[in-house]
Amino acid sequence: MTYSEWYEENKDGLNCNPRSQKYSFADFIENGFENKEVKKFKRGEVYFGKIHKNSKKRPFLIYQNDFLNEACFRGEYNSVLVLPLSGRLVKTNLRVNIPKRDKLTKDSQIVCNALGVIGVERLIFDEVVTILTDEELQTVDKKVKDILGV
């Protein structure tokens, strides 16, 4: 399926807006949304981002499909389904270990039970922190499916 075909089937469902989220709405009222340029990004890439303006910068795994990512790049959609990474390592079946590499400065874990949506303007596109391997992404998929019960 091409992006154009996918978009025609799904464009009415893209009217979801993160402004209804608590922090995004408060930030919008106080400051308006930044209209920054969005670069192309893909599922499995990790970027730094901020949940809200005053929060600390942390890494997030892009978890939505690449059709939604393309819609974000084109300005037709502005929400990104992400999983946060944590440098605080704990023993649990709810996380996936990712070793220190590329711009990821320490061993980390993908927190699979913290699936969330952030506005695309909250991601920092200066550089890709790292890219998950196919095996790592499959492990994340399995953990998320187990957590969701699907």
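The rules behind these values
- Residues numbered from 1 in each chain as written.
- Predicted model: local features only at pLDDT ≥ 70, side-chain atom pairs only at ≥ 80, totals over all residues.
- Heavy atoms only, no water.
- Helix = DSSP H or I, 4+ residues; strand = E, 2+ residues; numbered from the N terminus.
- Buried < 20%, exposed > 50% of the residue type's maximum accessible area, 1.4 Å probe, protein only.
- Contact = heavy atoms within 4.5 Å.
- Areas by Shrake-Rupley, 256 points an atom, 1.4 Å probe, with all protein chains shown as cover.
- Core = buried A, V, L, I, M, F, W, Y, C linked by side-chain atoms within 4.5 Å.
- Phe/Tyr/Trp six-rings, centres within 6.5 Å; stacked < 30°, edge-to-face > 60°.
- Lys NZ or Arg CZ within 6 Å of the ring centre and 35° of its normal.

K.L.:
Any chance you could explain the overall build of the protein here in plain terms?
P.N.:
What the protein contains, in helices and strands, is four helices and eight strands. Ordered by position from N to C terminus, the α and β elements of the protein give α-α-β-β-α-β-β-β-β-β-β-α. In the protein, which comprises 150 residues, the share counted as buried stands at 39%. A sequence separation of at least 24 residues applies to 62% of the contacts in the protein between residues at least 6 apart. Carbon together with sulfur atoms contributes 48% to the accessible area of the protein, which is approximately 9100 Å² in total.

K.L.:
Is there a simple way to think about the nonpolar core in this case?
P.N.:
Most often, soluble globular proteins keep nonpolar side chains buried together rather than apart. In terms of nonpolar packing, the biggest core is built from 17 residues, with Phe41, Ile62, Val80, Val120, Leu123 and Phe125 touching the most fellow members. Looking at this core, the elements that each hand over two or more residues are α1 (3-10), β2 (58-62), α3 (66-73) and β3 (79-86). In terms of residue count, α3 provides more of this core than any other element does, three residues in total. When sequence neighbours within four positions are dropped, the list of residues in contact with valine 80 reads Phe41, Ile62, Gln64, Cys72, Gly116, Val117, Ile118, Val120 and Leu123.

K.L.:
What should I look at first to understand the packing of aromatic side chains in this one?
P.N.:
What describes a pair of aromatic rings is the distance from one ring centre to the other and the angle between the planes of the rings. Counted according to the given criterion, the structure contains six aromatic pairs. For the pair tyrosine 3 and phenylalanine 67, a centre-to-centre distance of 6.5 Å together with 40° between the ring planes defines the contact as tilted. Residue tyrosine 3 is found in helix α1, and its partner phenylalanine 67 is found in helix α3; the two are separated by 64 residues along the sequence. On the basis of relative accessibility, which here comes to 11%, the residue tyrosine 3 falls in the buried class. What makes phenylalanine 67 partly exposed here is its relative accessible area of 25%. Considering the side-chain rings of phenylalanine 41 and phenylalanine 125, the 5.4 Å spacing of their centres and the 25° angle between planes classify their relative orientation as stacked. Of this pair, phenylalanine 41 sits in the loop between α2 (22-31) and β1 (45-49) while phenylalanine 125 sits in the loop between β7 (123-124) and β8 (130-131), and the two are 84 residues apart along the sequence. Between arginine 43 and the ring centre of tyrosine 63, over which it is positioned, the NZ or CZ distance is 4.8 Å. Positioned above the aromatic ring of phenylalanine 48 is the side chain of lysine 57, whose terminal nitrogen or guanidinium carbon lies 4.7 Å from the ring centre.

By themselves, these observations are geometric and do not establish any function.
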